[in-house]
Amino acid sequence: MLGPQFALVDVNNFYVSCERVFQPRLQCVPMVVLSNNDGCAVARSNEVKALGVKMGTPWFKMQDLAREHGILAFSSNYTLYADMSNRVVSVLRAFSPDLEVYSIDESFLRVDRVAHLHGGACAMGQCMRERVALWTGLPVCVGVGPTKTLAKLANHLAKKNAVFNGVCDLNDMTRAERVEWMSKIAVSEVWGVGRRLTQRLDLLGIHTVLDLRRANPMDIRTHFGVVLERTCQELRGVSCLSLEAMAPAKKQIIASRSFGGAIENKAQLLEALSSHVARAAEKLREQKSLCAALQVFLQTNRFKPNEPQYNPAVLVPLMEPTDDTLKLTRAASSALTQIFKMGYRYKKTGVMFCGLTQASQRQESLFESNLEKDRSTRLMGTVDRINQHFGSGTIQSAACGVSQKAWQMRSNNRSSRYTTCWMELPVVS
DNA sequence: TCTGGGGTCCTAGGACCC
DNA sequence: TCTGGGGTCCTAGGACCC
């Protein structure tokens, strides 16, 4: 009997595919979805990939190409993508309870205990594809192998080679076939091998997946450390990375955004910063953590070397751990006062919450009454419920600003929140 | 004019402890 | 001239992921 078997299920061109579900006219139209602030292309349709557009290309740099080929660009619509992601996961969970949500569009599943119910891993993969397509409208590919790294590799094969029809199980191949495929794939495609490692591996004559698989793991360890050694072992079928069914609580929470334009005055920076604090604090409470210190940073535009640059950051310890948006906002405000200097054109600000602990393990305070704590907990609970129900930002602290916000990011072509907002349901006429 | 936003892990080196 | 052998914790920087 085989050991553990992992499947990696991944939505093709996830953000693009989400848009197409609700606007079928976009099928086969070359299109991209842009990052926040309508900056870079972070999702590309196959038509755009075929034109040679790389991941992360700034939108303003592809204007000519876009005009020539009629490329459409959408602002990112994370409310929609997050909801679609949850739907895919709930479909997959029915296939195997051992599931790890790895990213917004990828999940690992343990399949060895359940594949026989579907007549094998390959048939199970096809079944998952059909059901996800039927129930969510999204196209997925499935890769199966004895380690997570091999499942990732199999997924890559499934995506790139029509012969697999969207599902690739490495166990279904002969040894010779596996060797053949591995010799054809660049080592840079391996999960955990980025740009730097690729360069250094090249120098050692390791160019393909097969080369890395055949390298001596101990040599890899001495040259590159334990991380790549694990990768090497995983390629050889030795499972080093286990499934993490429970997402561990985050150790830090960051909220930051570039501005639509440059900001020079402190009042506007404070509004933007307060909004980021509010978002980060929501995440903090969602994972039931408290924050012991926060870091505030400012950035000028690094793409404009002729402008004076200033990128300060300051860490502010809190009197005691808290998840109260108002206290965190006050701390962030004083941090901003410490680092703000007139005369710079700022492009971005943000906040990082550090020293996170579980709220259930909060120490009794010497300085704060329980009465005040209860009041804060109830207030924050109410704010969160209102914002969940009526949409985020429905209720916020006055520090976030009330008028037209000059610092707000560009989002010029966002689709509707089709699945989470009654007023924006798709209409069939 | 326009260039994203989130995370994790590992390592090396220094401070400090007994 | 000789100058131990462990530890821990923290931080900065580098690498990776999506």
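Focus: the packing of aromatic side chains
Move 1: The tally for this structure, following the rule as stated, stands at 14 aromatic pairs.
Move 2: Ring geometry for Phe22 and Tyr418: centres 4.5 Å apart, planes at 10°, overall stacked. With a gap of 396 residues between them, Phe22 in helix α1 (residues 14-22) and Tyr418 in the segment after α14 (370-390) connect regions that are remote in the sequence.
Move 3: The class for Tyr418 is buried, based on a relative accessible area of 10%.
Move 4: For the pair Phe340 and Tyr346, a centre-to-centre distance of 5.8 Å together with 40° between the ring planes defines the contact as tilted.
Move 5: On the basis of relative accessibility, which here comes to 0%, the residue Tyr346 falls in the buried class.
Move 6: Positioned above the aromatic ring of Phe108 is the side chain of Lys148, whose terminal nitrogen or guanidinium carbon lies 4.9 Å from the ring centre.
Move 7: Its guanidinium or amino end placed over the ring of Trp181, Lys184 lies 5.4 Å from that ring's centre, counting from NZ or CZ.

Notes on the environment of Val142
Move 1: When you line up the elements, Val142 lands in strand β7 (residues 140-145).
Move 2: According to the relative accessible area criterion, Val142 is buried, its value standing at 0%.
Move 3: It is 36 Å that separates the C-alpha atoms of Val142 and Phe353, two residues lying 211 residues apart in sequence.
Move 4: Setting aside its immediate chain neighbours within four residues, Val142 contacts Ala7, Leu8, Val9, Gly125, Met128, Arg129, Asn155, Ala158, Gly166, Val167 and Cys168.

Quick notes on the layout of surface pockets
Move 1: For the second largest pocket, the calculated volume is near 1,400 Å³.
Move 2: Lining the second largest pocket are 38 residues, and of these Asp10, Asn13, Arg44, Lys49 and Lys159 sit closest to its centre.
Move 3: If you list the elements that add at least two residues to the lining of the second largest pocket, you get β1 (6-11), α1, β3 (41-44), α2 (46-50) and α6 (148-160).
Move 4: Residues that form the lining of the second largest pocket fall into these classes: 15 nonpolar, 11 polar and 12 charged.

Quick notes on the environment of Met173
Move 1: With respect to the secondary-structure elements, Met173 resides in the loop between β8 (167-169) and α7 (175-184).
Move 2: Setting aside anything within four residues of it in sequence, one finds Met173 in contact with Leu157, Phe164, Cys168, Arg178 and Trp181.

Observations regarding the pairing of β7
Move 1: With six of six residues buried, β7 is to be regarded as a mostly interior element.
Move 2: With burial as the criterion, each face of β7 is covered, one bearing Val140, Val142 and Val144 and the other bearing Cys141, Gly143 and Gly145.
Move 3: In this structure, β7 lies alongside β8, joined through three bridges in parallel fashion. Bridge pairing links Gly143 to Cys168 in β8.
Move 4: Read as a crossover between parallel neighbours, the route from β7 over α6 to β8 is left-handed.

A closer look at the sheet that holds strand β4 (residues 72-74)
Move 1: The mixed open sheet is built from three strands, whose spatial order is β3-β2-β4. Among the strands making up the open sheet, the edge pair consists of β3 and β4. Across this sheet, the average inter-strand angle for adjacent strands is 30°, counted without regard to direction.
Move 2: With three bridges joining them, strand β2 (residues 31-34) and β4 adopt parallel strand pairing. Directly across from Val32, in β4, lies its bridge partner Ala73.
Move 3: Lying over the sheet, α1 contacts β2, β3 and β4, oriented at roughly 110° with respect to β2.

Quick word on the protein's contact with DNA strand C
Move 1: What surrounds DNA strand C is a group of 13 residues, the closest being Asp105, Lys152, Gly192, Gly194 and Leu197.
Move 2: Taken together, the sugar and phosphate atoms account for 100% of what DNA strand C places within 4 Å of the protein.
Move 3: Within the side chain of Ser103, an N or O atom sits 3.2 Å from a sugar or linking oxygen of DNA strand C.
Move 4: Within the backbone of Arg196, one N or O atom sits 3.3 Å away from a phosphate oxygen of DNA strand C.
Move 5: Every element with two or more residues in the surface near DNA strand C is listed here: β5 (99-103) and α8 (195-203).
Move 6: Tallying contributions element by element places α8 first for the surface near DNA strand C, with three residues.

Re the protein's contact with DNA strand B
Move 1: Lining the immediate environment of DNA strand B, one finds 25 residues, of which Ile254, Ser256, Ser258, Lys304 and Lys347 sit closest.
Move 2: Within 4 Å of the protein, the contacting atoms of DNA strand B are 74% sugar and phosphate, with bases supplying the remainder.
Move 3: Take Ile254: an N or O atom from its main chain is 2.6 Å from a phosphate oxygen of DNA strand B.
Move 4: Between DNA strand B and the protein, one listed contact pairs a sugar or linking oxygen with a side-chain N or O atom of Arg410 at 3.2 Å.
Move 5: Taken together, the elements giving at least two residues each to the surface near DNA strand B come down to α11 (226-235), β9 (253-263), α12 (266-286) and β12 (346-358).
Move 6: For the surface near DNA strand B, the element with the highest residue contribution is β9, accounting for six residues.
Move 7: The residue makeup of the surface near DNA strand B, split by class, is nine nonpolar, five polar and 11 charged.

Here's the deal with the pattern of salt bridges
Move 1: Under the defined criterion, the tally for this structure stands at 14 salt bridges.
Move 2: For the salt bridge of Arg20 with Glu47, the shortest nitrogen-to-oxygen distance reads 3.1 Å. In this pair, Arg20 sits in helix α1 while Glu47 sits in helix α2, placing the two residues 27 residues apart along the sequence.
Move 3: Given a relative accessible area of 11%, Arg20 falls into the buried group.
Move 4: Residue Glu307 is joined to Arg345 by a salt bridge in which the shortest nitrogen-to-oxygen separation is 3.2 Å. With Glu307 in the loop between β10 (289-300) and β11 (313-322) and Arg345 in the loop between α13 (325-339) and β12, the pair connects residues that are 38 residues apart, well separated along the chain.
Move 5: On the basis of relative accessible area, Glu307 is assigned to the buried category, the value being 19%.
Move 6: Counted as one network, the salt bridges with shared partners bring together Glu264, Glu307 and Arg345.

The rules behind each value
- Residues numbered from 1 in each chain as written.
- Chains lettered and ligands numbered in written order.
- Predicted model: local features only at pLDDT ≥ 70, side-chain atom pairs only at ≥ 80, totals over all residues.
- Heavy atoms only, no water.
- Phe/Tyr/Trp six-rings, centres within 6.5 Å; stacked < 30°, edge-to-face > 60°.
- Helix = DSSP H or I, 4+ residues; strand = E, 2+ residues; numbered from the N terminus.
- Buried < 20%, exposed > 50% of the residue type's maximum accessible area, 1.4 Å probe, protein only.
- Lys NZ or Arg CZ within 6 Å of the ring centre and 35° of its normal.
- Contact = heavy atoms within 4.5 Å.
- 1 Å grid on protein atoms, 1.4 Å probe; cavity = no way out; pocket = protein on both sides within 12 Å on 5 of 7 lines; lining within 4 Å.
- Points joined across faces, edges and corners; volume = space filled by probe spheres on them.
- Nonpolar A, V, L, I, M, F, W, Y, C, P; charged D, E, K, R; others polar.
- Pairing = 2+ DSSP bridges.
- Right-handed = clockwise from strand over helix to strand, strands pointing away.
- Axes fitted to C-alpha atoms, helices over the stretch in contact; angles between N-to-C directions.
- Near = heavy atom within 4 Å.
- Polar contact = N/O pair within 3.5 Å; in protein donor to acceptor, adjacent residues only side chain to side chain.
- Salt bridge = Lys/Arg side-chain N within 4 Å of Asp/Glu carboxyl O.

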